[in-house]
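Each chain is listed here by its residues.
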2 protein chains.
Amino acid sequence: MKKYTEMSAEELKDQKSALAIEYEKMKASGLKLDMSRGKPDANQLGISRGILDAVDSKTLTVTESGIECANYAPLDGIPEAKRLMAGLLMTEEDEVFVGGNSSLNLMHDVITFCLMFCLPGCEKPWIKQGEVKFICPVPGYDRHFAVTEHLGFTMLPVPMKSDGPDLDAAEELVKDPSVKGMWCVPKYSNPQGITCSDGVIKRFAAMKPAACDFRFFFDNAYAVHDLYDDKKDELIPILAEFKKQGRENNAFIFSSTSKITFPGGGVSAIGAAKENMDFIKKHMSKMTIGYDKINQLRHARYFKDMNGIKQHMKKHAAAMRPKFDTVINTFQSELSDTGIVSWNKPLGGYFISFDAMPGTAKRAVAMCKAAGLTITAAGATHPYGNDPEDKTIRIAPSLPGVEELEKAVKLFCVAVKLAAVEKLLGNK
Amino acid sequence: MKKYTEMSAEELKDQKSALAIEYEKMKASGLKLDMSRGKPDANQLGISRGILDAVDSKTLTVTESGIECANYAPLDGIPEAKRLMAGLLMTEEDEVFVGGNSSLNLMHDVITFCLMFCLPGCEKPWIKQGEVKFICPVPGYDRHFAVTEHLGFTMLPVPMKSDGPDLDAAEELVKDPSVKGMWCVPKYSNPQGITCSDGVIKRFAAMKPAACDFRFFFDNAYAVHDLYDDKKDELIPILAEFKKQGRENNAFIFSSTSKITFPGGGVSAIGAAKENMDFIKKHMSKMTIGYDKINQLRHARYFKDMNGIKQHMKKHAAAMRPKFDTVINTFQSELSDTGIVSWNKPLGGYFISFDAMPGTAKRAVAMCKAAGLTITAAGATHPYGNDPEDKTIRIAPSLPGVEELEKAVKLFCVAVKLAAVEKLLGNK
């Protein structure tokens, strides 16, 4: 088949008619599916069900060191949970703060602390310094952008490259002392599934932002979310690299078991070097006496160690692989001839990032919606929901079963093609 | 025996010598006990151990309405948990937001939202209006005061009366539009165990603060913490009274199961009328996708309803009663003759408030500490840790066993008397 861009108006019209018939048929088939978020399916939730037995009325809820988890304190988590989460964060145990079920909540808290209170060695909190700017790799995670937008920060997009965020661009931006932070999903990024190379992490660590109170917010949500046994991305320990540079105060690292055990009942954690950790504990101590330690104990007992988590994640990979394969294979068969779209093939994580023909993402997503398929809103991958090229669409394949997913992706492909053909015809 | 205030210097000196011998003997006995916080003991934690079986790998983690608790969302909690917590908050089910294990965290979050964002119908957040003042009933809860102090608010003490905070004083203070809020533990207050009378709650509800963005923060932590079956305080539903006055936006209510099930694994909640609830959800939605719903399900299944909680609380009362009795009886036998101290006899809650002779509380607490007994710091019951009369001491009898508690309270009585005698001699 000819590429769309090489088609005449006549050929495009024929194509449009054929696609419109296909689309209407699909629309009539009564699909009703919400793929807007990266939610695990029932099968994936089932993988972790055994954790619900890790603590029961017959077990003592006491840690190895004698802490009664049912009672108040300690603030920063029980030793077993700190040890476990240190594995995900790739930090030392004493560089870990264990929270509740939401790492987003921890990120929001830490950013709010930075906003309201003086960071170590600095003289004023962010809020007393006028405009606060934050660097946002795009495409990126909409909930990150929502936090920084909600707090009134100015978000500065930098593009993602194949080995991580564009640090040439970031290095320019951090010369401005009102640039106070940067988001980064260092492994299997949301939505592209890109992992920062060793070189990129080392360059992050060596960066010298003008602001003394600048912080990188690394959200390592997909630390152990490899899809394949034989090919996987490796992330080097981030905080260790910052320490080598003597710049360990520049980095906060976050992770959670939301996509290891349960989004609705997991454990989250922050990794930070000594001075940052003291800052976190100081302000957390006014907010809570301590997080749910019984659930921390459940996780520590169920997994024992990182090896336990890694074995467990093989089951998740087995559940996710066919879904990723379905999406990629359908894209391949339905779209590769068109010459107008592209997508990534991640080795892990939760998402596939899809680039529609510029100027057609919103239209394609709307057409899916009209036919019963909810996709993450076009633009959601960019700060302020504004994708200037209107092309990036996040595909979250985890929730539907393979059969339904295939149907959904076929609809998506038709919508993407139809939107492109409409656009090309409009331009003629 | 003569009252201390009626004793001659000679008599006081004799008293001092006798007390000093007693004190040294007690000091030598090797007591080592921390009674500084209201922590349940192992026996009390055991009362709730069955909740750990309320959800296991063989049970579905799905709500009555079909929500999978293991997955993301909903933000404001599962229906069963909202219904249960509505009982503690005495609100309608749709006026409930269910959080994680810490109501202190929810209070901190809501206050931070008020500080950073415009409350309904108002034009500026607190932070953009200069000084923020907060009314603090004294004696009160140190962790409340810590939140408002940490955020830089000016705290204005008002005295507690036998039926709740002094509202004559509060009504004067709220004429100042920079007064933005007031703390209140409406039932079995910390530390006095005072419950707001119907009249006081109605007067709260009718109060017309000058600030449109004024809020009462009611911490109903001891909603079901009666000590006796035959005599108990009753609190009328707070939010309903505010609604009667058309002033339902003025009140936030908080509660938790920290002292019903586990401090380290309970469930917390906010009660708020529609506009306040929309405000909370709007800002919470940027912070988290949802709290731990598996633990919400555990609580809802274990208790079923308020009657379940009330039956459960009888076991707590049975565990706590002998401790309260031990403290009160020891005070009675050791101190009632001295004529210089007083204490309350609460019908519920977690604390007994003790008034030493003015100017001696710090000294008495220090003497306890030197003899191995840690009591809540003198002054902790007041904003900035500053008890101008240096007299109020919070007794938290929950943690030790009865025998150890009796020993501790006897030491406390000796310390209190010794500090008083020293003071009286110093004044002669």
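Below or above, wherever it landed, is the structure these notes cover. (Residues numbered from 1 in each chain as written. Chains lettered and ligands numbered in written order. Predicted model: local features only at pLDDT ≥ 70, side-chain atom pairs only at ≥ 80, totals over all residues. Heavy atoms only, no water.)

### Structural notes on the interface of chain A and chain B
Step number 1: Taken residue by residue, the interface counts 54 residues in chain A and 55 residues in chain B.
Step number 2: Roughly 4500 Å² of surface becomes buried between chain A and chain B when both sides are summed, with 57% attributable to carbon and sulfur atoms.
Step number 3: It is A:Tyr72, A:His150 and A:Lys286 that lose the most area in chain A upon contact with chain B, and together they represent 15% of the buried surface on that side.
Step number 4: Along the contact surface separating chain A from chain B lie two salt bridges.
Step number 5: Counting across the interface, chain A meets chain B through 20 residue pairs in polar contact (both at pLDDT 80 or more).
Step number 6: Among the elements of the structure, helix H4 (103-116), helix H5 (142-150) and helix H10 (293-303) of chain A are those that each provide at least two residues to the side of chain A that touches chain B.
Step number 7: The biggest single contributor to the side of chain A that touches chain B is H4(A), with seven residues. (Contact = heavy atoms within 4.5 Å. Buried area = accessible area lost by both parts, 1.4 Å probe. Salt bridge = Lys/Arg side-chain N within 4 Å of Asp/Glu carboxyl O. Polar contact = N/O pair within 3.5 Å; in protein donor to acceptor, adjacent residues only side chain to side chain. Helix = DSSP H or I, 4+ residues; strand = E, 2+ residues; numbered from the N terminus.)

### Focus: the sheet that holds strand S10 (residues 342-343) of chain A
Residues and elements named next belong to chain A.
Step number 1: Here we have three strands laid out as an open sheet, ordered S10-S11-S13, and antiparallel in their pairing. The strands lining the two open edges of the sheet, one partner per strand, are S10 and strand S13 (392-395).
Step number 2: Running at roughly 20° to strand S11 (residues 352-355), helix H11 (residues 306-335) makes contact with S10, S11 and S13 of the sheet. (Pairing = 2+ DSSP bridges. Axes fitted to C-alpha atoms, helices over the stretch in contact; angles between N-to-C directions.)

### Observations regarding the relation of the copies chain A and chain B
Step number 1: For the pair chain A and chain B, the relating rotation is 180°, the translation along its axis is 0.0 Å, and the fit reaches an RMSD of 0.1 Å. What the rotation and shift describe, once combined, is the action of a two-fold rotation axis. Measuring from the rotation axis to each C-alpha of chain A, the shortest distance belongs to A:Gly100, at 3.7 Å.
Step number 2: The overlap is high: 100% of the interface residues of chain A also sit at the interface in chain B, so the same surface is used on both sides. (Least-squares fit on C-alpha atoms with pLDDT ≥ 70 in both.)

### As for the packing of aromatic side chains
Step number 1: For the structure shown, the criterion picks out 49 aromatic pairs over all chains.
Step number 2: With centroids separated by 4.8 Å and ring planes inclined at 55°, the aromatic side chains of A:Phe331 and A:Phe354 adopt a geometry described as tilted. Here A:Phe331, found in helix H11, pairs with A:Phe354, found in strand S11; they are 23 residues apart in sequence, far enough to count as distant.
Step number 3: Relative accessible area serves as the criterion here: at 0%, A:Phe331 is assigned to the buried category.
Step number 4: Each residue in the set A:Trp126, A:Phe134, A:Phe153, A:Trp183, A:Phe217, A:Phe252 and A:Phe254 is aromatic and connected to the rest through ring pairs, giving one cluster.
Step number 5: Seen from the ring of A:Tyr350, A:Lys259 lies directly overhead, with NZ or CZ sitting 4.9 Å from the centre.
Step number 6: Between B:Lys231 and the ring centre of B:Tyr228, over which it is positioned, the NZ or CZ distance is 4.8 Å. (Phe/Tyr/Trp six-rings, centres within 6.5 Å; stacked < 30°, edge-to-face > 60°. Buried < 20%, exposed > 50% of the residue type's maximum accessible area, 1.4 Å probe, protein only. Lys NZ or Arg CZ within 6 Å of the ring centre and 35° of its normal.)

### Focus on the packing of helix H11 (residues 306-335) of chain B against helix H13 (residues 402-427) of chain B
All names here are of chain B.
Step number 1: The N-to-C vectors of H11 and H13 enclose an angle of 35°; their axes lie 9 Å apart at closest approach. Helix-helix and strand crossings are classified by hand; for H11 and H13 the assignment is right-handed. Taken together, the residues of H13 that come into contact with H11 (itself represented by Pro322, Lys323, Thr326, Val327, Thr330, Phe331, Glu334 and Leu335) are Val402, Leu405, Glu406, Val409, Lys410, Phe412, Cys413, Val416 and Lys417.
Step number 2: Considered class by class, the residues forming the contact of H11 with H13 number ten nonpolar, two polar and five charged. (Left-handed = near helix turned anticlockwise from the far one by under 90°. Nonpolar A, V, L, I, M, F, W, Y, C, P; charged D, E, K, R; others polar.)

### Comments concerning the state of the cysteines
Step number 1: Under the counting rule described, the total for this entry stands at two disulfides over all chains.
Step number 2: Put simply, A:Cys122 and A:Cys212 are joined by a disulfide, and their sulfur atoms are 2.2 Å apart. Remark: A:Cys212 occurs in the loop between helix H7 (198-206) and strand S7 (215-219) and A:Cys122 occurs in the loop between H4 and strand S3 (133-138); sequence separation between them is 90 residues.
Step number 3: Residue classification places A:Cys122 among the buried positions, given a relative accessible area of 13%.
Step number 4: Take A:Cys368: it sits in no disulfide, and the sulfur closest to it among the cysteines is that of A:Cys413, at 9.0 Å.
Step number 5: Of the cysteine sulfurs around B:Cys136, a residue in no disulfide, the closest is that of B:Cys184, at 11 Å.
Step number 6: B:Cys136 sits in the buried class, given a relative accessible area of 0%. (Disulfide = S-S within 2.5 Å.)

### Some thoughts on unusual backbone geometry
Step number 1: Note the cis peptide between B:Ala73 and B:Pro74, where omega equals 0°.
Step number 2: Relative to the assigned elements, B:Pro74 resides in the loop between helix H2 (42-47) and helix H3 (79-89).
Step number 3: Between B:Val138 and B:Pro139 the backbone carries a cis peptide bond, its omega angle lying at -5°.
Step number 4: Within the secondary structure layout, B:Pro139 lies in the loop between strand S3 (133-138) and helix H5 (142-150).
Step number 5: Phi at A:Tyr384 takes a positive value of approximately 60°, unusual for a residue other than glycine.
Step number 6: With respect to the element layout, A:Tyr384 can be found in the loop between strand S12 (373-375) and S13.

### Section: the nonpolar core
Step number 1: A:Trp126, A:Phe217, A:Met284, B:Trp126, B:Phe217 and B:Met284 are the most contacted members of the largest nonpolar core, which totals 75 residues.
Step number 2: In terms of nonpolar packing, the next biggest core, distinct from the first, is built from 57 residues, A:Tyr4, A:Phe324, A:Ile393 and A:Val416 among them. (Core = buried A, V, L, I, M, F, W, Y, C linked by side-chain atoms within 4.5 Å.)

### Looking at the sheet that holds strand S11 (residues 352-355) of chain B
Residues and elements named next belong to chain B.
Step number 1: With antiparallel pairing, the three strands of this open sheet are ordered in space as S10-S11-S13. For this open sheet the edge positions go to strand S10 (342-343) and strand S13 (392-395), each flanked by a neighbour on one side alone.
Step number 2: As paired elements, S11 and S13 share four bridges and run antiparallel to each other. In the sheet register, Asp355 faces S13, and the bridge partner there is Thr392.
Step number 3: Lying on the sheet, H11 is in contact with S10, S11 and S13; it crosses S11 at an angle near 20°.

### Quick look at the pattern of salt bridges
Residues and elements named next belong to chain B.
Step number 1: Applying the stated criterion to the full structure yields 42 salt bridges over all chains.
Step number 2: One salt bridge connects Glu11 with Lys2, and the closest N-O pair in it is separated by 3.0 Å.
Step number 3: Judged by its relative accessible area of 29%, Glu11 is partly exposed.
Step number 4: The salt bridge involving Lys410 is made with Glu406; its shortest N-O contact spans 3.7 Å. Remark: Glu406 and Lys410 occur in helix H13; sequence separation between them is four residues, near one turn of the helix.

### Some points on helix H1 (residues 9-28) of chain A
All names here are of chain A.
Step number 1: With 20 residues, H1 extends 28 Å from end C-alpha to end C-alpha; this agrees with the ideal 28 Å at 1.5 Å per step.
Step number 2: Listed in full, the buried residues belonging to H1 are Leu12, Gln15, Leu19 and Tyr23. Along the long axis of H1, the arc covered by the buried residues comes to 70°, so they all point the same way. Exposed positions of H1 whose direction lies more than 90 degrees from the buried face are Glu10, Asp14, Ile21, Lys25 and Ala28.
Step number 3: Buried residues along H1 sit against helix H12 (361-370) and helix H13 (402-427).
Step number 4: In the segment just after H1, Gly30 is the residue with positive phi, at about 75°. (Expected span 1.5 Å × (residues − 1). Arc of directions from axis to C-beta.)

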